[in-house]
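Structural features, examined
Now for the letters of each chain:
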Amino acid sequence: MSLSELTKPWEAMSYGFLDASAKRELRRKMIKAVAVPGCQMPYASREVPMARGWGTGGLQVSLTLVNPETTVKVIDQGADDSVNAASIRRFIARVAGAPVTMDTLQADLIQSRHRIPEEILSEDQILVLQVPNPEPLRPVQPNMSIARQMHADADYGRMWLQLYEQIVRSGRVMQGASYPSLVHGRHIMTPSPIPRWDVPKLHMAKHLTILSAGREKRIYAVPPYTRVEPLVFSDVPYRVEDHGGLTCHRSGTKGFFMNEIPQDGGTSTYEVSDSEWGVKAIRQRDGEGVIKGETWYKNGEMAQ
Amino acid sequence: MSQSAPPLRSAEEIEANASFDALLWALSRPGQIRHLPKPGEAALIDALIDRECRVYSADPLLIPQVMRSGAEIADMASADHVFLATVQDSEVLKSLQLGSDLYPDEGATVILRCKLGAGAHLRLSGPGVNGTCDLQVAGLPDGFWQTRAQVMRYPTGFELILLDGDRLAALPRSTIVEVL
């Protein structure tokens, strides 16, 4: 073994920004995350040129997986054109030379902040969710060592207590986003702050989902065809947001998750949250040929 | 704003990326066979192993590459990556690291050689498998799958990566294996 064998040629920047050892660590952790669905695995979470809490966890996973043939889509709260999504997309394209798209159907890798696209993801797509707070037990147990022990023991009674208290206090479950869900019948995870509307999309999905929290340095995953069951009581069924009857005022599309836009005078209008789905509907209305994929929700109802 | 060209990909990066792509697919869909960019363990060592790892290798020919990666050579009971080469005796599964309920990620990643597409019929179920799927594996000792089921108690356990030349299948600890 000689010194020249152990050194690598100088590079101005590694491909995909992360250096080889950062990628190897992420790969090792992704293996464990996929092997134990829903279980949070600690990882180093390297520095990226973006503040922690702005999608650095998701970004590190994307940078590890990406290659020049990977078509990347980035969404922020459903929109492809928000500042956060546009910056991440541009960054990945610049450091990896990867083609980018806004069309869900053409993407190989979708990095998302807090939404799952409305079109059904296929087997060869990977969804990377950015996670601000990966610990579902934090509201009931702020001490993370004790929370880890509770995960080890599958000691999840307090999660139901939390839901029960919401029902007693407010008459319904108030948990809007990050609805705690039992994965593969063993670990409770927070599906990142996706709305309740999106949680059933993870259940027995065809695609792999990787959830990564850069600030909290934890990574977990939902492999394809894995049970993801939102916590419910047998007599209080899981309810998604009542958006099934709402119509988008821009695209006219109906039966999808909407953003509420307050109007002068106290009323609201609605706009479809998955911006590219809205764009497709508008293009179709204008007579352009667009390819729309199958959607998880049909007429505002989750297809069984 | 000036648009600079993306950094060039080194040969190692191209290979490691492709190897992990195959591994991640195989691991998230147990029973499906993927192809590595080159046959053998070398591609996986480059993609996964560095100085943060403790490695056991039953095949001495792999050790120079492992040493070059900076990993520590360890005995089987304390290694996080175990290269078993060809398995003769299923008792080896009893000395692997399984992790704990507190730290399931400490379970080992086990890479072994076998023949895929011939021999014993296995029926797989669990996460990543839609219902059940069948996989044929030859070249493993008798009682291998029974021993695997005996020693692991979910969520503790180890991941099995089955190599046949450049073909690879993976069985995470969550997969239930039934020998038909």
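Residues numbered from 1 in each chain as written. Chains lettered and ligands numbered in written order. Predicted model: local features only at pLDDT ≥ 70, side-chain atom pairs only at ≥ 80, totals over all residues. Heavy atoms only, no water.

**Topic: a nonpolar patch on the surface**
How we decide: Each patch groups residues whose relative accessible area exceeds 30% and which form no salt bridge, using 9 Å between like charges and 5 Å between nonpolar side chains of Val, Leu, Ile, Met, Phe, Trp and Tyr. In this description, accessible areas are obtained by the Shrake-Rupley approach with a 1.4 Å probe, and a residue is regarded as covered only by the protein chains that are shown. Between Lys or Arg on one side and Asp or Glu on the other, a salt bridge is scored when a side-chain nitrogen of the former is within 4 Å of a carboxyl oxygen of the latter. Numbered from the N terminus, helices here are DSSP runs of H or I no shorter than four residues, and strands are runs of E no shorter than two. Throughout, exposure labels follow a simple rule: accessible area from a 1.4 Å probe, protein chains only, divided by the maximum for the residue type, with under 20% read as buried, over 50% as exposed, and the rest as partly exposed.
Together, Met1, Leu3 and Leu6 of chain A together with Met67 and Ile73 of chain B give the surface a local cluster of nonpolar side chains, amounting to about 530 Å² of exposed area. Looking at the secondary structure, you find Met67 of chain B in helix α3 (residues 63-69). What makes Met67 of chain B partly exposed here is its relative accessible area of 42%.

**Some remarks on the packing of helix α2 (residues 20-35) of chain A against helix α1 (residues 11-28) of chain B**
For clarity, the cut-off: To obtain an axis, a line is fitted to C-alpha atoms, over the contacting stretch when the element is a helix, and the angle between two such axes runs from 0 to 180 degrees between their N-to-C directions. Orientation is classified from the angle alone, with under 35 degrees giving roughly parallel, over 145 giving roughly antiparallel, 65 to 115 giving roughly perpendicular, and any other angle giving oblique. The criterion used for residue contact is that any of the two residues' heavy atoms lie within 4.5 Å.
Between α2 of chain A and α1 of chain B, the shortest axis-to-axis distance is 10 Å and the interhelical angle comes to 5°. Considering their axes alone, α2 of chain A and α1 of chain B lie roughly parallel with respect to each other. Two secondary-structure elements touch here, α2 of chain A through Lys23, Arg27, Met30, Ile31 and Val34 of chain A and α1 of chain B through Glu13, Ala16, Asn17, Phe20, Leu23, Leu24, Leu27 and Ser28 of chain B.

**With respect to helix α6 (residues 157-170) of chain A**
Residue and element names in this part refer to chain A. Quick note on the threshold: In this scheme, a helix's expected span is set at 1.5 Å multiplied by one less than its residue total. Working definition: the arc comes from the directions between the helix axis and the C-beta atoms, pointing outward to the latter.
Across its 14 residues, α6 extends 20 Å between first and last C-alpha, which sits within 8% of the 20 Å expected from 1.5 Å per residue. For α6, every residue scored as buried is listed here: Met159, Gln162, Leu163 and Gln166. One side of α6 holds all its buried residues, which, seen down the axis, span an arc of 90°. For α6, the secondary structure elements touched by its buried residues are β6 (187-189). Remark: Gly171 follows α6 within two positions and exhibits a positive phi of approximately 85°.

**Some details on the packing of helix α3 (residues 56-65) of chain A against helix α4 (residues 83-96) of chain A**
In a pair of packed helices, the angle between the axes and the distance between the axes together describe the arrangement. Residues and elements named next belong to chain A. To be explicit about the condition: It is the rotation of the near helix from the far one that decides the hand of a crossing: anticlockwise by less than a right angle makes it left-handed, clockwise makes it right-handed. Note that Gly is not counted as nonpolar here; it falls among the polar residues with everything else outside the nonpolar set of Ala, Val, Leu, Ile, Met, Phe, Trp, Tyr, Cys and Pro and the charged set of Asp, Glu, Lys and Arg.
Close contact between α3 and α4 brings their axes to 11 Å; oriented N to C, the two are set at 30°. On the basis of the axis angle, α3 is roughly parallel to α4. Handedness of the α3/α4 crossing: right-handed. Contacts between α3 and α4 involve Leu59, Ser62 and Leu63 from the first element and Ile88, Phe91, Ile92 and Val95 from the second. Looking at the contact of α3 with α4, its residues break down into 6 nonpolar, 1 polar and no charged.

**Describing the sheet that holds strand β10 (residues 176-179) of chain B**
Residue and element names in this part refer to chain B. Note the threshold: Each pair of strands is called paired provided DSSP finds at least two bridges between the two strands.
Taken in spatial order, the 3 strands of this open sheet run β7-β6-β10, and their pairing is antiparallel. Both edges of this open sheet fall to β7 (133-138) and β10, since each of them pairs with a single strand only. Direction aside, the axes of adjacent strands within the sheet are offset by 50° on average. Pairing of strand β6 (residues 115-125) with β7, which is carried by 7 bridges, proceeds in the antiparallel orientation. Paired with Arg123 across the strands is Asp134, a residue of β7.

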